[in-house]
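Chain and residue survey
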Amino acid sequence: MVQRNRRASGGRIDRNRPLHFTFNGKLYEGFEGDTLASALLANGIRLTARSFKYHRPRSIMGHGVEEPATLVELDGEDASGNRPATTVPLRDGLSARSVNCWPSPEFDLGGINQLLSRFIPAGFYYKTFKWPNWHLFEPSIRRAAGLAAAPESPPASGHFEARNAHADVLIAGAGPAGLQAALEAGRAGKRVFLADEGAEAGGSLLNRNLSIGGRSALDWVEDAVAELRGMENVTHLQNATVWAYREHNLMIVNEREPELDGVLERSWRVRVGEVVIATGATERAMVFGDNDRPGVMLASSVQAYVNRWGVTPGQRMVLFTNNNSVYAVAADLAAAGMQVEAILDCRKTVPPEAVKLVPDIPVHAATVAGDVRGRKGVRAVKAVPVTGGAGRWIDCDVLGCSGGWNPTVHLWSQSRSTLRFDEDLAAFVPDEAVQNCRAVGAAAGDLTLDRIVGGGEDLAYAIEPLWRVNVPGQRGKAFLDVQNDVSVSDVHLALREGYDNVEHVKRYTTGGMGIDQGKTGNINIIGTVAMQKGVPLQEVGTTTFRSPYTPVSFGAIGGLREGWRLFPYRHTPVTQWNKDHGAVMYEAGARWRRPGYFPKPGEGLQEAVNRECRAVREGVGVYDGSPLGTFELKGRDVPKFLDFIYSNIMSTLKPGDGRYGLMLSEDGLILDDGVAFRLDEHRWMISTSTGHADAVNQHMEKLLQTEFPDWQVLITTVTSQWNNATICGPKAREVLQAVDSDIDLSPEAFPFMSFREGTVAGFPARVVRVSFTGELSYEVNVAPRHMAALWDKVMEVGAPFGILPVGSESSHVLRVEKGFLSLGHEVDGTVDAYDLGMGWVMSKKKPDYLGKRSVQLRRSGGGTRRELVGILADDPNQQIPEGAPLTPGGRKEATDGLVTACVWSVVNNRWVGLALLEDGHARQGETAHVRLKDDVIPVTVTKPVFHDPEGKLLRS
Amino acid sequence: MMNITCPFCGKRNESEFIHGGPVGAVRPDPNAVSDEEWVEYLTVTPNPLGPVQEKWWHARGCGEWFSIWRDTRTHDIVEAPDGTT
Ligand SMILES: [Zn+2]
């Protein structure tokens, strides 16, 4: 294998460490220190990509994150899509493919799009896909013009991680300005966080051939890095991109290949005192006909390949510029033995100190590149005088262009700091800082090394802007955004069609919306708009710079927060018992894992649920009620507070007694339902639904701290301090007696809705007589450390009574049979207590409580409301889908209700349902109609209770 | 992500806090206001382009509810404007 464009010596690569890689299925060789791009160029691979929209042949144009043309998809362990080839470090075994072409860049079937280009103008997407719908076009567009596919599975090994850090100063960029700033801050003893996107420090100095104080600039870099390494207060990361500047100086850094086994990428969130933006400058492309032909490159990139990677991208060069920077490029190329045929400089006069750098190279002033020959590779460029004239062709295989330099102001601008257009630099530069940040070096518009590092030796920067070449005879498209195939004519079209704000131009043409975010071309779009409108660039302004500065993998953003780690499940001490006994586990609100049902071998859901329900209705069952939200409230003002947050009166409760209540929000909606018990004069315990425990806690704390700071109420969350086994069913008392308790369990001594403290099975316990099933029920609360033992004891002693564990499926059936409401089923944000037939819970005596006025106001308008009813289909075996609409007469009309629940009732031996029905309370006994897609189910409207309507059982 | 100063814990990441909305009007006596006034109290909350007083809860910290002035244009946490508290 021959790397035919590799120089014999020079560059920051290790020729003793060859690496083998494949590109589009072919095997090649590169060296340690290469990027995929430099290795491809070393192997003379010119055609590396096809363009997004027109499938034009493309090559590598840049050398870093600005690369607009060559995106690759990596296979195998590195699987990822849409990576600029210039940012992929070469490694042995790397396998990469071009995106956007099939079967290969040389022979690409999608190239047919080029012939159709006049039918794919700007705004094509908007114009084409609004009718009949996008989905019709999507598959073919994705195949023909799409980007790479996402990897199908997570990386086979390794993981992503996140870290937080703090620093006095964060410096983005370790070029000359960043290193200088780091040295100064480090020497002053500040905590410094220095992060740079490149593989090694030095920034542009790595690509150029400069001196500082008479020595090689890279020696200066080496000394600086060594000094920083010796400072304990300095964290210096390479391969680490500062990609987002957030509020209050929070910086997000993506570190690739951190030095820790198993970590693929690390995401840093760094809160800093001051941000120093030393992100350098980005060279911009030149805009002329066919300026995207393979072999047209950024001049500084040609220089970088020669100096840094020992690669000569071509044999015969022509350079095209509007500024001084290419003269040093030409000198470097000449020194490397390359043939530089000419420098085309659009300026009328070229500064003599620039010309002096290239004594043997023809310099054509007032001349532009007007045309390019060679479809799959540049063969000649037409040098055209700006004053007119025919021009002449110059043979070459690489055309290096420099449209000037843009300070890399992305982070600056993300911080909301302002920009101004600098006429001397013909670029947008940092203006007023909004957060505590400053830009230094090229990022601040200082494009001459000596102004950054004392003793730096390079040619002073000077430019005359040229936003696009405008000479007669240009035939090809002149691209502004090479990645998204946006040309000058597209921008002109957008302006003609009225999209003349730069943000509109961007969205209409998609210019600057590629993954390179238009780093080389956006300024030319702004320039083109300005020329067309005849206004200064400052007036056109820039589009908003947004994070990420460069693409970041989703894995790095997520870090370890994936799967169950994102929201860990909550467990009770009974979880293991449940699993051991074959429970099908559900998530049941607030991330609690609870048993859904306990099937016997070979048993289905319905059979298991029927068995569990029958046990509760006819014998005894037990469930783990630990996840219910539980709070203890202490203080003199608790009665007043509870009277305010519940719709009924709690303050009259005697110690040991409790009451069911509704909590409303101030706008009259039902926030939660639960029970409140008075433990003693100044201590109370309230319970909430499982899923709303946190919301109720926030609600109560907010009221107490912001509205009533002088009320003496202290809230303690005790959800996880008390676990409970709730024994329910006609035999519950017998079972609890057998478990052994020192509490008098007789109905007279311990009636429904009361609370007793004592021991159960020898453990200190709080026993509460509440019922969510409609049966006699004891909620036995013990400390979590006793819960498993209590549970075992209940199951053991309950066995002769036929006790069964009950899952959430059965709980649902049992509460529906009783018509007990469930938030999220019967309570949906429109209903109030009256609709639910619970007007009794809305106190008439209290002049004020949360939500009272709003409920009154809402009901004062009159009209019918959706009210809770029971529904029974004529056929007892007819199940009605939960959520199904009810419509007048079953016709296809606006609904007058919906089915909120439907369960098989063991006690009724039939399906029973609940529904919210318009004017439902008045329609009892009538027939209503459930409307299904292809069917109508007539149902009889009933009271919403199908078991023990008098409530004798739960009070027994 | 903002950096919010809790009166007890000092500067902490926004992710530790829960936003409790702008500080609105004082709750009127619901029996002494008209329907219109009550609806206005419920639905009209301050939403200025500029500094707004907001309630925040240090939910994943000490549990304190407190208020800050935040500039809605910049996310800067600012001093209470003159004449306010
Ligand atoms: Zn706090």
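For the structure itself, look to the data block above.
This is a predicted model, so every value here is computed, not measured.

The tally for this structure, following the rule as stated, stands at 54 salt bridges over all chains. Glu341 of chain A is the salt-bridge partner of Arg316 of chain A, the closest N and O atoms lying 2.9 Å from each other. With Arg316 of chain A in strand E18 (residues 316–321) and Glu341 of chain A in strand E19 (residues 339–345), this residue pair connects regions lying 25 residues apart in the sequence. Two residues, Arg853 of chain A and Asp35 of chain B, come together in a salt bridge whose shortest N-O distance is 2.5 Å. A residue pair is termed interchain when its members come from two chains, as with Arg853 of chain A in helix H23 (residues 852–859) and Asp35 of chain B in helix H1 (residues 35–43). When its relative accessible area of 12% is taken as the criterion, Arg853 of chain A is described as buried. Since its relative accessible area comes to 33%, Asp35 of chain B is described here as partly exposed. Bridged by salt links that share partners, the residues Arg56, Arg58, Asp290, Asp292, Arg293 and Asp485 of chain A form one connected network.

What follows is about the packing of aromatic side chains. By convention here, two paired aromatic rings are described through the distance between centres and the angle between planes. Residues and elements named next belong to chain A. In this structure the tally under the stated criterion is 22 aromatic pairs over all chains. Taking the centre distance of 5.7 Å and the plane angle of 65° together, the rings of Phe288 and Phe320 count as edge-to-face. Here Phe288 is found in the loop between strand E16 (281–283) and strand E17 (296–298), whereas its partner Phe320 is found in strand E18, with 32 residues between them in sequence. We classify Phe288 as buried; its relative accessible area is 0%. Aromatic ring contacts, followed pair by pair, group Phe641, Phe644, Phe708 and Trp711 into a single cluster. In this arrangement the basic side chain of Arg591 is found over the ring face of Tyr569, its NZ or CZ atom lying 4.0 Å from the centre. Here the guanidinium or amino end of Arg593 rests over the ring plane of Tyr569, the centre of that ring lying 4.7 Å away.

What follows is about empty space enclosed by the protein. Residues and elements named next belong to chain A. Considering all chains together, one arrives at seven cavities of 30 Å³ or more under this definition. Each pocket or cavity is described by its volume, and for the largest cavity that value is around 200 Å³. Broken down by secondary-structure element, the contributors of at least two residues to the lining of the largest cavity are strand E25 (405–407) and helix H13 (522–533). A total of three residues in the lining of the largest cavity trace back to one element, the largest contributor, which is H13. For the lining of the largest cavity, the class distribution of residues is six nonpolar, nine polar and one charged.

All names here are of chain A. Among the residues making up helix H20 (residues 732–739), those that are buried are Ala732, Arg733, Val735, Leu736 and Val739. The arc that holds the buried residues of H20, viewed along the axis, is 160°, so those residues lie on one side. Looking at the buried positions of H20, the neighbouring elements they touch are strand E40 (723–728), strand E41 (755–760), strand E42 (763–768), strand E43 (777–782) and helix H21 (784–798). Once H20 ends, the next one or two residues include Asp740, with phi positive near 90°.

What follows is about the environment of Asp371 of chain A. Residue and element names in this part refer to chain A. Within the fold, Asp371 resides in strand E21 (residues 367–373). Overall, Asp371 belongs to the buried group, its relative accessible area being 2%. Taking the C-alpha atoms as reference points, Asp371 and Asp290, separated by 81 residues in sequence, lie 6.7 Å from one another. Here Asp371 is in contact with Gly289, Asp290, Ala380, Val381, Lys382, Trp393, Gly473 and Arg475, once residues within four sequence places are set aside. A polar contact is formed between the side chain of Asp371 and the side chain of Arg475, at a distance of 2.8 Å.

Taken together, the contacts link 23 residues of chain A with 26 residues of chain B. Surface buried jointly by chain A and chain B totals about 2300 Å² across both partners, of which 48% is contributed by carbon and sulfur atoms. Taken together, the links from chain A to chain B amount to four salt bridges. Across the contact surface, chain A and chain B share 17 residue pairs in polar contact (both at pLDDT 80 or more). Looking at the side of chain A that touches chain B, the elements that each hand over two or more residues are helix H19 (693–707) and H23 of chain A. Tallying contributions element by element places H19 of chain A first for the side of chain A that touches chain B, with seven residues. Taken together, the residues of the side of chain A that touches chain B break down into six nonpolar, six polar and eleven charged.

Residue and element names in this part refer to chain A. Within the fold, Asp832 resides in the loop between helix H22 (808–818) and H23. Distance in space between the C-alpha atoms of Asp832 and Met842 is 9.8 Å, their sequence separation being ten residues. Asp832 has contacts with Ile670, Val855, Arg859 and Arg865, leaving out every residue within four places of it along the chain. A polar contact of 2.7 Å, which involves the side chain of Asp832, links it to the side chain of Arg859.

Moving on, we come to H19 of chain A. Helical periodicity: at 3.6 residues per turn, an α-helix aligns residues three or four positions apart in one direction. The terminal C-alpha atoms of H19 of chain A, which comprises 15 residues, lie 21 Å apart, in line with the 21 Å expected from a rise of 1.5 Å per residue. Along H19 of chain A, the residues that are buried comprise Ala693, Val696, Asn697, His699, Met700, Glu701, Leu703 and Leu704 of chain A.

So, about the nonpolar core. A general tendency of soluble globular proteins is for nonpolar side chains to be buried together. All names here are of chain A. Core analysis: the largest hydrophobic core is formed by 53 residues, its most contacted members being Leu170, Phe193, Val253, Val270 and Ile277. Setting aside anything within four residues of it in sequence, one finds Phe193 in contact with Ala165, Ala167, Val169, Leu170, Ile171, Thr235, Leu237, Val253, Trp268 and Val270. Ranked by size, the runner-up nonpolar core spans 50 residues in total, among them Val806, Ala833, Ile871 and Val939.

Below, the discussion takes up the coordination of the zinc ion. Residues and elements named next belong to chain B. For the zinc ion, the full set of protein donor atoms is Cys6 (SG), Cys9 (SG), His58 (ND1) and Cys62 (SG), and the range of their distances to it is 2.0 to 2.3 Å. Written as a sequence motif, the donor residues of the zinc ion are C-x2-C-x48-H-x3-C. Here Cys6 is found in strand E1 (residues 3–6), whereas its partner Cys62 is found in the loop between strand E4 (51–57) and strand E5 (65–71), with 56 residues between them in sequence. By relative accessible area, Cys6 is classed as buried at 1%.

All right, on to the sheet that holds strand E1 (residues 14–23) of chain A then. Residues and elements named next belong to chain A. Pairing is mixed across the open sheet formed by five strands, whose spatial order is E2-E1-E7-E5-E6. Looking at which strands have only one partner, the edges of the open sheet turn out to be strand E2 (26–32) and strand E6 (80–84). Across the sheet, the mean angle separating the axes of adjacent strands is 40° when strand polarity is ignored. The sheet contact formed by E1 and strand E7 (residues 94–98) spans three bridges and is parallel. Directly across from Thr22, in E7, lies its bridge partner Ser95.

Residue and element names in this part refer to chain A. Burial within strand E38 (residues 683–688) is extensive, with five of its six residues counted as buried. Bridge count between strand E35 (residues 629–634) and E38: six bridges; the pairing is antiparallel. Bridged to Leu633 within E38 is Trp684. Pairing analysis gives five bridges linking strand E37 (residues 670–680) to E38, with the strands arranged antiparallel. Within E38, the position partnered with Phe677 by the bridge is Met685. Between E37 and E38, which pair antiparallel one after the other, the connecting turn spans two residues.

Here is what the cut-offs are and how they apply
Residue numbers here run from 1 along each chain, matching the order of that chain's written sequence. Both sets of labels track the order of writing: A upward for chains, 1 upward for ligands. Restriction of local features to residues with pLDDT of at least 70 applies here, the model being predicted, together with a cutoff of 80 or more for giving and counting side-chain atom pairs; totals for whole chains, interfaces and linings are based on all residues. In computing side-chain values, all of the structure's heavy atoms are included and hydrogens and water are not. By definition, a salt bridge exists where a carboxyl oxygen of Asp or Glu is found within 4 Å of a side-chain nitrogen of Lys or Arg. Comment: elements are numbered from the N terminus, with helices defined as DSSP H or I runs of at least four residues and strands as E runs of at least two. Only protein chains enter the accessibility calculation, which uses a 1.4 Å probe. A residue is then buried if its area is under 20% of the maximum for its type, exposed if over 50%, and partly exposed in between. Pairing of aromatic side chains requires ring centres within 6.5 Å, counting the rings of Phe and Tyr and the six-membered ring of Trp. Pairs whose planes differ by under 30 degrees are stacked, by over 60 edge-to-face, and all others tilted. Should the NZ of a Lys or the CZ of an Arg lie within 6 Å of a ring centre and within 35 degrees of the ring normal, that charge is described as sitting over the ring. Cavities and pockets were defined on a 1 Å grid built over protein atoms only: a cavity is a set of grid points that admits a 1.4 Å probe from which the probe cannot escape, a pocket is an open set flanked by protein on both sides within 12 Å along at least five of seven lines, and lining residues are those with an atom within 4 Å of any such point. Grid points are joined across faces, edges and corners, and a volume is the space filled by probe spheres set on the points. Following the grouping adopted for this structure description, the nonpolar residues are Ala, Val, Leu, Ile, Met, Phe, Trp, Tyr, Cys and Pro, the charged ones are Asp, Glu, Lys and Arg, and the polar ones are all others, Gly among them. By construction, the arc corresponds to the directions joining the helix axis to the C-beta atoms. Any pair of residues with heavy atoms lying within 4.5 Å of one another is described as a contacting pair. Identification of polar contacts relies on pairs of N or O atoms within 3.5 Å, with a donor-acceptor requirement for protein atoms, meaning one able to donate a hydrogen and the other able to accept it, and with residues adjacent in sequence counted only if both atoms are side-chain atoms. Joining two parts hides part of their accessible area as seen by a 1.4 Å probe, and the buried area is that hidden amount summed over both. The span expected for a helix works out to 1.5 Å for each residue beyond the first. By nonpolar core we mean a set of buried residues, namely Ala, Val, Leu, Ile, Met, Phe, Trp, Tyr and Cys, connected to one another through side-chain atoms within 4.5 Å. The rule for donors is simple: N, O or S, within 2.8 Å of the metal, or within 3.2 Å if the metal is Na, K or Ca. Water isn't counted, so a site may look like it is missing partners. We call two strands paired when DSSP finds no fewer than two bridges between them. Interaxial angle, 0 to 180 degrees, is taken between N-to-C directions of lines fitted to C-alpha atoms, where a helix line uses only the stretch in contact.

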